[in-house]
Structure formats: C-alpha cells, structure tokens
Amino acid sequence: MEYPSNVKIIRVPCTGKVDALYLLKALESGVDGVYVAGCKEGDCHFLKGNIRARKRVGYVKQILQDVGINPERVAMYNLSAAEGPRFVEIAREFTAKIRALGPSPIKTGKGREIPVPGEAGTAEKKPEGAKKAA
Amino acid sequence: MIIGHRKPLEEILKMLEPHDKIILAGCKGCVAVCNAGGEKEVGILASAIRLARKKDGKDIEVKEITLERQCDPEYIDQLQSLAGDYQAVLSIACGVGVQYLAERYKSIPALPGLNTDFMGGSREQGVWVERCQGCGNCVLHLTGGICPITRCSKSLLNGPCGGSSKGKCEINPEVECGWQLIIDRLKSLGLLEALYEQILPYKDWLTSRDGGPRTITREDMRE
C-alpha cells in the first residue's frame, strides 16, 4: 500500500488540535492543497475534536473563497485508524483533485482562481461528494 | 464586553490596496474574548491578507502585534517604535482602538478591520447577545434586572406595546419581548405590584448619546 510521495503528513494528537491558522500557514508556505484526516464523526476519543476540525476547515474554505483562492484546495476527510486502504485511497484522490486544479496561485501569482461574486459558493460543499468520484 | 466581528475580507483588502507594508494590531481586551480581534484572529487575518496578495503575484509585509488594550494610551504607545516604518495600521480592536491609534499616530492612516457591534455577552460558544446600550442612567433595579432600553426593540419604559405576542416581539418571532421578560421576572420576584404598576417617568436621554460624546471624570483619580 503506497500513497503518493507528495503527501506530507503532519501528526496532531487529535484533529481538534488543528487550528485554522495551521491550514492557512500551509497554503502560505506554497503547498497546493491541504486536507485534514480525522476519525469518523461520532468516534472522536475527545468527543468533538473532529467536529471542531470540520467547522474550522469550513471557515478556512470561506476565507479562501473571499480572497479568490479555490476552496477545494482544503478538505476534511473522516476515516478510522484501521482503514489503511482508505487512507491510501484518500491520499490518491486528493492528490488527483489538486493536480487537476494545478499549482497554487500563491506560487504562480496568476490571480483569482474563482469568479468574484458568491456564485462560486456552490463549489463549497463538494469535498464530501468528491470522495465518490475516486 | 464590546462585541465586534470582522469586516468582510473584500472590504479590508480594498482598504489595504495602496499599502504594502502594514501593522496589523489586535487587542487582548473585549474583542479577544469574542474571538474577533485577539492574537489568534491577528494571525488568521494576516495570513489571509498575505494569501490574497501573493495570489496576485504581489507582496505585503504584515507586522503582527496584539496590544494589551487599544483603549489606553500607555498601550497604544507600544507601537511608537514601529509606526514610522509602516504605511498604515489596520486595527482589529473595537472602534475605540482604531480612533486611539489614529489620534496617537498622525502620519499613518488607522484602518478598521472590525465592525463594532454592541455591548453584550456570550450566550453560548460562538453566540453573542446585546445587553446594554450605555444610556448612562440605569433602571435595572426597577425592571427586574432586564434592560428595557436594550431588550425592548422600541426601548419603551412602560411596555409591552401592542406588538408583543406570545412573549415575542413583532420585529422577529425569534426576538423575545423585553417587557414580557420584565413582567415574568417581576412576578417571580413578587414585585409586580410594587414596580410594574408604577409608571416610569420619561427618561433624561442627555446622559445617553443625545447629549453628545460623553466624558467621565474622576477628580480623585486624576494626576
């Protein structure tokens, strides 16, 4: 079981530790996409860590939307620690999705990735559905 | 505390357009408690500003700093060594902080990153509600500890009005009728007759905003 070598893993004790700023800083550093892999909802050892993480991911998506960066570059996935094959599948799926989006505009400086008004807001809820595409 | 919320990023970015070297100043007072302008929010907003600029191939230097308070000159002074090196200061304190910065540092613009909303408290994590309008002449002892100026949409002193229905206000079914709350509370305190039956006289609004900007002076504390 191999997952793409471009995926760099940053361990945290629980996704509840993932702050919005961690995701923003990662993007600032020039990565093309960031996803948070948390336990399944309802299975959090700390009860609500993954729920909080999901909300923070949503918050970061909104910020990206507002500054003109595709919010799809950030995502939240839920899987159990025992699901190795699913982990690989997610890593491949997210890599493919980001590869399709192309390099981050932070590196290229090519300007807005998404249209100006709220129309692009429809793209926001896609990560869940995008799983099925893999 | 004073409750505020961040202005839309689009508006902030527009304000910053002419600048590429700014101070982003947070406040550890009220706005930090309501998660709008503390150290964490400074970090997030600074990052968002840099991302917005970098994606256009431009750069911006954001000096992140969070002052103890922005409503006291002694803390505002802490920016003294920095102000000369930057083109503008974006404050995510309440409107008081922005104005204190503007008064103290005359050579650079002070820009507001927050919309300051009201004096209130938290109802639950992530929800803040208004409780005081700073009218300068408190009547809470007469109204069961519920403020008619704030909680009644019309700020009536003798309510409720005809717009009160089933304990809700006519402006919005989710808004409780302030006067219904007052009556219920006075009833439970056994003070309905003693207090509610008395007509409250008209209020002297000169102690509120109607008297112009207000100043409180404590001679015993002045230097």
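Analysis parameters
Residues numbered from 1 in each chain as written. Chains lettered and ligands numbered in written order. Predicted model: local features only at pLDDT ≥ 70, side-chain atom pairs only at ≥ 80, totals over all residues. Helix = DSSP H or I, 4+ residues; strand = E, 2+ residues; numbered from the N terminus. Buried ≥ 20, exposed ≤ 12 C-beta atoms within 10 Å, placed from the backbone. Rg over C-alpha atoms; globule rule 2.2 N^0.38 Å. Contact = placed C-beta atoms within 7 Å. Pairing = 2+ DSSP bridges. Core = buried A, V, L, I, M, F, W, Y, C linked by C-beta atoms within 7 Å. Nonpolar A, V, L, I, M, F, W, Y, C, P; charged D, E, K, R; others polar. Domains from an automatic or database assignment. Axes fitted to C-alpha atoms, helices over the stretch in contact; angles between N-to-C directions. Parallel < 35°, antiparallel > 145°, perpendicular 65-115°, else oblique. Left-handed = near helix turned anticlockwise from the far one by under 90°.

## Description of the overall build of chain A
Part 1: Looking only at helices and strands, one finds five helices and two strands in chain A.
Part 2: Reading the helices (α) and strands (β) of chain A from amino to carboxyl end gives α-β-α-β-α-α-α.
Part 3: Relative to its 134 residues, chain A shows a buried fraction of 31%.

## Here we look at the overall build of chain B
Part 1: From N to C terminus, chain B includes nine helices and nine strands.
Part 2: For chain B, whose C-alpha radius of gyration is 22 Å, the value lies well above the compact-globule estimate of 17 Å for 223 residues.
Part 3: Its C-alpha atoms give chain B principal-axis dimensions of roughly 70 × 45 × 25 Å.
Part 4: By residue count, 35% of the 223 residues in chain B fall in the buried class.
Part 5: Put simply, of all contacts in chain B between residues at least 6 apart along the chain, 55% involve residues at least 24 apart.

## Brief notes about the pairing of strand β2 (residues 21–27) of chain B
All names here are of chain B.
Part 1: Counted residue by residue, β2 has six buried out of seven residues, so it is predominantly covered.
Part 2: Two elements, β2 and strand β3 (residues 61–67), share seven bridges in a ladder whose sense is parallel. The residue bridging C27 from the neighbouring strand is L67, located in β3.

## Structural notes on the nonpolar core
Residue and element names in this part refer to chain B.
Part 1: L24, V31 and A48 are the most contacted members of the largest nonpolar core, which totals 65 residues.
Part 2: Sorting elements by how many residues they give to this core places helix α3 (residues 39–54) first, with eight residues.
Part 3: When near neighbours in sequence (up to four residues on either side) are disregarded, V31 contacts I2, G4, A36, G37, G38, I92, A93, C94 and L114.
Part 4: Core analysis: the second largest hydrophobic core is formed by twelve residues, C147, I149, C177 and I183 among them.

## Points about the interface of chain B and chain A
Part 1: Of the residues lining the interface, 13 residues belong to chain B; the matching set on chain A comes to 15 residues.
Part 2: Among the elements of the structure, α1 (9–16) and α3 of chain B are those that each provide at least two residues to the side of chain B that touches chain A.
Part 3: Tallying contributions element by element places α3(B) first for the side of chain B that touches chain A, with eight residues.
Part 4: Across the side of chain B that touches chain A, the residue classes break down as five nonpolar, three polar and five charged.

## A look at the domain arrangement of chain B
Part 1: For chain B, the assigned domains are domain 1 (2–118) and domain 2 (134–211).
Part 2: Placing a centre on the C-alpha atoms of domain 1 of chain B and another on those of domain 2 of chain B gives a separation of 37 Å.

## Focus: the packing of helix α1 (residues 20–28) of chain A against helix α2 (residues 49–67) of chain A
Residue and element names in this part refer to chain A.
Part 1: The contact between α1 and α2 brings their axes to 9 Å, and the two run at 45°. On the basis of the axis angle, α1 is oblique to α2. Crossing hand, α1 versus α2: right-handed. From α1, A20, L23 and L24 reach across to α2, where they touch R56, Y59 and V60.
Part 2: Here the contact of α1 with α2 is built from residues that sort into five nonpolar, no polar and one charged.

## Quick look at the sheet that holds β3(B)
Residue and element names in this part refer to chain B.
Part 1: Taken in spatial order, the four strands line up as β3-β2-β4-β5 in an open sheet, and their pairing is parallel. Only two strands of the sheet have a single neighbouring strand rather than two, namely β3 and β5 (110–112). For this sheet the average axis-to-axis angle between neighbouring strands, irrespective of direction, equals 25°.
Part 2: In this structure, strand β4 (residues 88–91) lies alongside β5, joined through three bridges in parallel fashion. Bridge pairing in β5 links V89 to A110.
Part 3: Against the sheet, α3 touches β2 and β3, its axis set at about 170° to β3.

## A few points about the packing of α1(A) against α3(B)
The description of two packed helices rests on the angle between their axes and on the distance between the axes.
Part 1: At a closest axis distance of 10 Å, the pairing of α1(A) and α3(B) adopts a crossing angle of 25°. With respect to each other, α1(A) and α3(B) are oriented roughly parallel. Crossing of α1(A) against α3(B): the hand is left-handed. Where α1(A) approaches α3(B), its residues A:A20, A:L21, A:L24, A:K25, A:L27 and A:E28 are matched on the opposing element by B:G43, B:I44, B:S47, B:A48, B:R50 and B:L51.
Part 2: In the contact of α1(A) with α3(B), the residues fall into seven nonpolar, two polar and three charged.

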